[in-house]
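Spelled out from the first residue to the last, the chains are:
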Amino acid sequence: MSTPRERRPSVVIVGGGAAGSLTALHLVRVAGRRAAGLDITVVDPADRLARGVAFGTYDASHLLNVPASGMSVLPEDPGHFVAWRARDEPDRPSLPYDFAPRAQFARYLDDSLTEALRTTLGDVSLRHVRDTAVGVERTAGGLRVAVRARRPLDADAVVVATGLPEAGTEWAVEELRASPFFVPDPWASGALDVVRRDRTGPRDVLLVGTGLTMVDVTLTLTAAGPADRVIHAVSRRGLLPRTHAPEQRLAAIPDVSDWGGRLDEVRARAERHVADVRAATGDWRPAVDGLRFRLSELWQRLSESDRAEFLSRDAARWGLHRHRMAPSSRVRLDALEAEDRLRVSAGTVVAARPLARGGLEVELTDGSVREVGWVVNCTGPQSDVRRLQNPLLDDLLRPRGGSALAVVATAGMGVRTVDGRVVDAAGGTDAPLWTLGALRRGELWESTAVPEIRAQALGVATAVLDALAPQPRRLADGRLVSGHHPVARPRDPLGLPISTTAEAATAYNAGLERLMLLQGGAEDLLREAATLDPDFALAHAALAMLGHEAGAAADVAGSLQAAREAVRRRGDDRERSLVDVVGRRVADVRRSGAQALMSHIARHPRDVLAVSAAVPTIAFSGVTDVQREAWDLVEGLAPAYGDHWWYISLLAFTRQDQSRWEEAGLLAESALSCQPSSGHAVHAQTHVLYETGQHETGRVWLDHWVTESGRSASHRAHFSWHAALHELSLGDTEAVRRRYYSQLTPPTVTGVRTLVDSASLLWRWRMTTTDWPAAVPPGSVPAEAPPPPMEAVLAAVEHSLVEEPQTPFVALHAALALAGSGDATRVARLAGHCRRSGDSTMRTVVAGVCDALVAVLEDRWADAAALLSELLPVLVRVGGSAAQREVVEETLLLCLVNEGETERAAALLDARLDRRPSPLDGRRRASLGRAAVGAPGLA
């Protein structure tokens, strides 16, 4: 006899605007990834989902106040909305910095939800109940939602996503509130239609409030209606929102760890941050945008009294700068002001009297009087939920049985939660009740824009499904935990079980997180974990891997032996597999080690340590010299990581490697918005800025990150190298010199980074500046002081790294260092070492570069140019980034100029300038038009 189908969990979402629709979307997607069943009911009186107050307008002049690049519904795909717009309007360009109509975003969100339902792998249903929720109560099995015109809805969980509260009208005098010529809510259906059409009374309209609502209402009322209508806009300060920059600027995210917890401390540091960023960039906007990512953290530190002071003293100023209007909206308002059709002033309404011919006579605090046909409330939502008279919210806050389901947060701005799960009056979170968006303002402050709501919606969706349909706790190989491994085992940052004590797990996880962030100190924390639990195999294996793969200070052989002994005593299949992989890598069984690592990742894709070693990045060389294999590896991990900031950071770097600069930049920004200290994301963004010729922006932005969120970065030398490339491209060699001596000279830089960053910079510096005046007529390129000598770099590097490097990438940089010292004999000896290597790239590509460098040192320019021209197409096999390999192209350029082949050199520079702007390349290209033949050489 067949058994009845198990009842699927059910979720009721109250509210079908952006917050509710985003929650539904992510419930569908998370359920699909888990192949789980789920019934979703959205309760909202609107005829369509995804509208709400913010996006229910159909006026095309009402624009988003966030660029399209920030409006994707999918955190892991920040270009999703931009791409959708391109499909939606194929005849119009869709750019990341466009400010799209709000109605278009509503259609996009609706389409995305529909597509998610169509493609989900889960058994998911979605129903829209067009009604109003008026109450929530507990039941034996969950919660029951009371609706106005039908039977209650039972649910296993409820998400309150009511969006922005109704507009507040307490400011309005009684005579005004009672007048038919007062529009209390401009977003109510048809509220502005009669105002637009009215031609019977006074033409003018008074808007109370000068924020973004006033901007939209002004655009609506001046697009139609009497041509002689004047819009009067008043507010207490009479200030309009600031305007977005004409071009997108990267956020300058501060490190707020030492900003303190008192409002006066935070205010002073914030003002200093804005001043510093403005001084460096000429614009305050990157500073404010960066603060946005830290605001929730800062808000949590403030006491209730400090929060109250902020609301009364600072909130309005923050809102003006944070919630900015689109540049095109500013252009229109400026034109209206120039035509005297918009007048903005400071003041509040103190009296209102009806006029015989219709309309109102309104008196302001300054004693002035306006005769207007209509008064429109543009003051925005009422922030205190206790004053809304909203039946649902009142019911949640109503004590029942001694305890209300919810309690208000700071200043009544929503309700208290723990990561979105509503806290009841007794301080508990046992009710399956969640909220997001505007109802979390009291605990987050910034919680009403789509970027914040999007992240909250995903978090709520994941938490709801974790509560209703938890995945079995599994070992990494997918088998249920057996009695040999209790369920209570600690877990790593990605949720994988680890066989150790709680204390050792804490240290290990902190070390792994530092590794993910590219921060220093990871090996110290891993060593601490191994000391706390000598039988912790993963800690020993991680130390061995870091020592072998990343040059960390570790006893590789001792750690590997300890890992092997520990995993025999205690370890699951994943841990045994990882120890075996590390052993193979350390034994330099390159092919076997690479295959074992890839096989391990295929079975355990969320093993961060394994993936870190496999993907070519700053820290690790990876398991493949073939770019496409590395790309396929990263892209294949998407189902395992979803929108995790670490994976998005790796994907951003992959995209820049593919020359997909726009996507890479958006992904890097998305990752940094979640984790401002992500070194991988910063590395990707840095490459984007260099390869797209944004040299001044890149230098300033990178310097800010290194001194703020990147203060603990483990590869600061490499970031300094990137900043120096920007300075070289700008032709500012004195800035390069200052940076080299302060950030890149030994002993500030040690180990292999001395070759990869310091030595390569000195050689490139020499190629791009010092020697060019010898190859062109005097005065065409300004003479430069020579770069610092290479000898100090070579003296700081281990002999084996220079004379007997084991990888093509290190060998290439050893060759540059030796060439920079002028020692042709040692370069030739290195070429011999490469030809004896078992690695084909070492034998052919790197050995060939060494031969070319010997030719350069011997002034055999034609020979060197011929060799380098032949090698450039296959140089990618050496590894590293295009920016790193470009040093070989720089060497070829010098050879061509010194050989008198100015046409070939010009063609090479033309190709580069087509790819990206560069003041240095532009200057050199101009000089080649007049270049002389037969210039002296390096001697």
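Before any of the text, the structure's been laid out above.
Along each chain, residue indices are assigned from 1 in the same order as the chain's sequence is written. In keeping with the model being predicted, local features are shown solely for residues with a pLDDT of at least 70 and side-chain atom pairs are shown and tallied solely at 80 or more, while totals for entire chains, interfaces and linings include all residues. Values reported for side chains reflect all heavy atoms of the structure, with hydrogen atoms and water molecules removed beforehand.

Looking at the overall build of the protein
Right, on to step 1. Starting at the N terminus, helices and strands are each numbered in turn, a helix being any DSSP run of H or I of at least four residues and a strand any DSSP run of E of at least two. Looking only at helices and strands, the protein features 42 helices and 18 strands.
Right, on to step 2. To get the radius of gyration, use the C-alpha atoms; to get the globule rule, take the number of residues to the power 0.38 and multiply by 2.2 Å. Here the protein has a C-alpha radius of gyration of 32 Å; the compact-globule value for 939 residues is 30 Å, and the two agree.
Right, on to step 3. Looking at the 939 residues of the protein, the share that counts as buried comes to 57%.
Right, on to step 4. Any two residues whose heavy atoms approach within 4.5 Å at even a single point are treated as in contact. Relative to all contacts within the protein whose residues are 6 or more apart in sequence, the contacts with residues 24 or more apart total 68%.
Right, on to step 5. Residue burial considers only the protein chains on display, and all accessible areas are found by Shrake-Rupley using a 1.4 Å probe. When the accessible surface of the protein is totalled, it reaches about 37,300 Å², and 51% of it is carbon and sulfur.
Right, on to step 6. Only four residue types enter the tally: Lys and Arg on the positive side, Asp and Glu on the negative side, with His and both chain ends excluded. The location of each charge is read from NZ of Lys, CZ of Arg, CG of Asp or CD of Glu. Charge separation in the protein, taken as the distance between the mean sites of 108 positive and 118 negative side-chain charges, equals 3 Å. A 1.4 Å probe rolled over the protein chains alone gives each residue an accessible area, and that area as a share of the maximum for its type sets the label: buried under 20%, exposed over 50%, partly exposed in between.

A closer look at the environment of R317
Right, on to step 1. Within the secondary structure, R317 is located in helix α12 (residues 315–322).
Right, on to step 2. A relative accessible area of 42% means that R317 is categorised as partly exposed.

Some words on the nonpolar core
Soluble, globular proteins show a tendency: their nonpolar side chains are buried together.
Right, on to step 1. By size, the foremost hydrophobic cluster in this structure holds 77 residues, and its most contacted members are Y508 and Y641.
Right, on to step 2. Of the residues forming this core, the biggest block, nine residues, is contributed by helix α19 (residues 537–550).
Right, on to step 3. For Y641, the contacting residues outside a window of four places in its chain are L494, P605, R606, D607, V608, V611, W646 and Y647.
Right, on to step 4. By nonpolar core we mean a set of buried residues, namely Ala, Val, Leu, Ile, Met, Phe, Trp, Tyr and Cys, connected to one another through side-chain atoms within 4.5 Å. Listed in part, the 70 residues of the second largest apolar core include W765, A852, V854 and V888.

Focus: the sheet that holds strand β4 (residues 133–138)
Right, on to step 1. Strands sit in the order β4-β5-β6 across an open sheet of three strands; the sheet is antiparallel. At either margin of the open sheet sits one strand with a lone partner, and together these are β4 and β6 (153–155). Taking the axes of each pair of neighbouring strands and ignoring which way they run, one obtains an average angle of 25 degrees across the sheet.
Right, on to step 2. Of the strand pairs in this sheet, strand β5 (residues 143–147) and β6 are connected by three bridges, and their pairing is antiparallel. Note that in β6 the partner of V145 across the bridge is L153. Strands are labelled as partners when DSSP assigns at least two bridges between them. For helices, the axis comes from a line fit to the C-alpha atoms of the stretch in contact; other axes are also lines fit to C-alpha atoms, and the angle between any two N-to-C directions lies between 0 and 180 degrees.

Some words on the pattern of salt bridges
Right, on to step 1. Whenever Lys or Arg places a side-chain nitrogen within 4 Å of a carboxyl oxygen from Asp or Glu, that contact is recorded as a salt bridge. As enumerated under the stated definition, the model contains 78 salt bridges in all.
Right, on to step 2. Of the charged contacts, one joins R343 and D340 as a salt bridge, the two residues approaching to 2.8 Å between their closest N and O atoms.
Right, on to step 3. Its relative accessible area of 39% is what places D340 among the partly exposed residues.
Right, on to step 4. Salt bridges here are not isolated pairs; linked through shared partners, they connect R267, E271, E309, R313, D314 and R317.

Observations concerning the packing of aromatic side chains
Note on aromatic pairs: each is described by the distance of the centres and the angle between the planes.
Right, on to step 1. Geometry of aromatic contacts follows a simple scheme: Phe, Tyr and Trp rings, the Trp one being its six-membered ring, pair when their centres are within 6.5 Å, and the pair is stacked under 30 degrees between planes, edge-to-face over 60, tilted otherwise. For the coordinates displayed, the defined rule picks out 17 aromatic pairs.
Right, on to step 2. Ring centres of W705 and F719 lie 5.1 Å apart, and the angle between their planes is 65 degrees; on these two criteria the pair is classed as edge-to-face. Of this pair, W705 sits in helix α29 (residues 695–707) while F719 is found in helix α30 (residues 716–730), placing the two residues 14 residues apart along the sequence. Residue W705 shares its accessibility class with F719, and that shared class is buried.
Right, on to step 3. An aromatic cluster of three or more residues is present, and its members are F55, F81, W84, F105 and Y108.
Right, on to step 4. For a ring to carry a charge above it, either NZ of a lysine or CZ of an arginine must fall within 6 Å of the ring centroid while also lying within 35 degrees of the normal to the ring plane. The ring of Y641 carries the charged tip of R606 above its face, separated from the ring centre by 5.6 Å.

Some remarks on the pairing of β5
Right, on to step 1. Residues L143, V145 and V147 of β5 are buried on one face, while the alternating residues R144 and A146, pointing to the opposite face, are not.
Right, on to step 2. Taking the residues that link successive antiparallel strands as the turn, the β4-β5 hairpin has four residues.

Topic: helix α4 (residues 102–119)
Right, on to step 1. The span expected for a helix works out to 1.5 Å for each residue beyond the first. Helix length check: α4 (18 residues) gives 26 Å between terminal C-alpha atoms against 26 Å at 1.5 Å per residue, within 8%.
Right, on to step 2. Within α4, the full set of buried residues consists of R102, A103, Q104, F105, A106, Y108, L109, D110, S112, L113 and A116.
Right, on to step 3. Against the buried residues of α4 lie α1 (18–33), α2 (52–55), α3 (80–88), β3 (123–129), α7 (212–223) and α16 (450–468).

Considering unusual backbone geometry
Right, on to step 1. With omega at 5 degrees, the peptide bond leading from P746 into P747 counts as cis.
Right, on to step 2. Topologically, P747 is positioned in the loop between α31 (733–744) and α32 (752–770).
Right, on to step 3. In this model, D340 sits at a positive phi of 60 degrees, which is unusual for a non-glycine residue.
Right, on to step 4. Tracing the chain through its elements places D340 in the loop between α13 (327–338) and β11 (342–346).
Right, on to step 5. You will see that W445, though not glycine, has its phi angle at about 70 degrees, which is positive.
Right, on to step 6. By the element assignment, W445 lies in the loop between α15 (441–444) and α16.

Comments concerning the sheet that holds strand β8 (residues 182–183)
Right, on to step 1. Taken together, five strands build an open sheet; the order of strands is β8-β15-β9-β10-β11 and the sheet is parallel. Because the sheet does not close on itself, it has two edges, and the strands there are β8 and β11.
Right, on to step 2. Alignment of β8 against strand β15 (residues 374–377), held across two bridges, turns out to be parallel. Note that in β15 the partner of F182 across the bridge is V375.
Right, on to step 3. Each of β9 (205–208), β10 (231–235), β11 and β15 touches α7; the most contacted strand, β9, lies at about 165 degrees to it.

Looking at the pairing of strand β12 (residues 349–354)
In regular strands, side chains alternate between the two faces of the sheet.
Right, on to step 1. Note that β12 and strand β13 (residues 360–364) share five bridges and pair antiparallel. Residue pairing across strands places R353 opposite E361, the latter belonging to β13.
Right, on to step 2. Hairpin connection between β12 and β13: a loop of five residues separates the two successive antiparallel strands, and G358 in this loop has a positive phi of roughly 100 degrees.

As for the packing of helix α8 (residues 263–281) against helix α9 (residues 285–292)
Two numbers describe a pair of packed helices, the interaxial angle and the distance between the axes.
Right, on to step 1. Between α8 and α9, whose axes approach to 7 Å, the crossing angle comes to 140 degrees. Put simply, α8 runs oblique to α9. Judged by the twist between their axes, the crossing of α8 over α9 is right-handed. Along its contact with α8, which presents A270, H273, V274, V277 and T281, the element α9 presents P286, A287 and L291.
Right, on to step 2. Residue composition of the contact of α8 with α9, grouped by class: six nonpolar, two polar and no charged. Oblique is the label for any angle not covered by the other classes, which are roughly parallel (under 35 degrees), roughly antiparallel (over 145) and roughly perpendicular (65 to 115). Each crossing gets its hand from how the near helix is turned against the far one by less than a right angle, where anticlockwise is left-handed and clockwise is right-handed. Three classes are used, and their members are as follows: Ala, Val, Leu, Ile, Met, Phe, Trp, Tyr, Cys and Pro are nonpolar, Asp, Glu, Lys and Arg are charged, and the others, Gly among them, are polar.

A closer look at the environment of G838
Right, on to step 1. Mapped onto the elements, G838 comes out in the loop between α37 (824–835) and α38 (840–857).
Right, on to step 2. Sequence separation between G838 and G380 is 458 residues, and the spatial gap between their C-alpha atoms is 71 Å.

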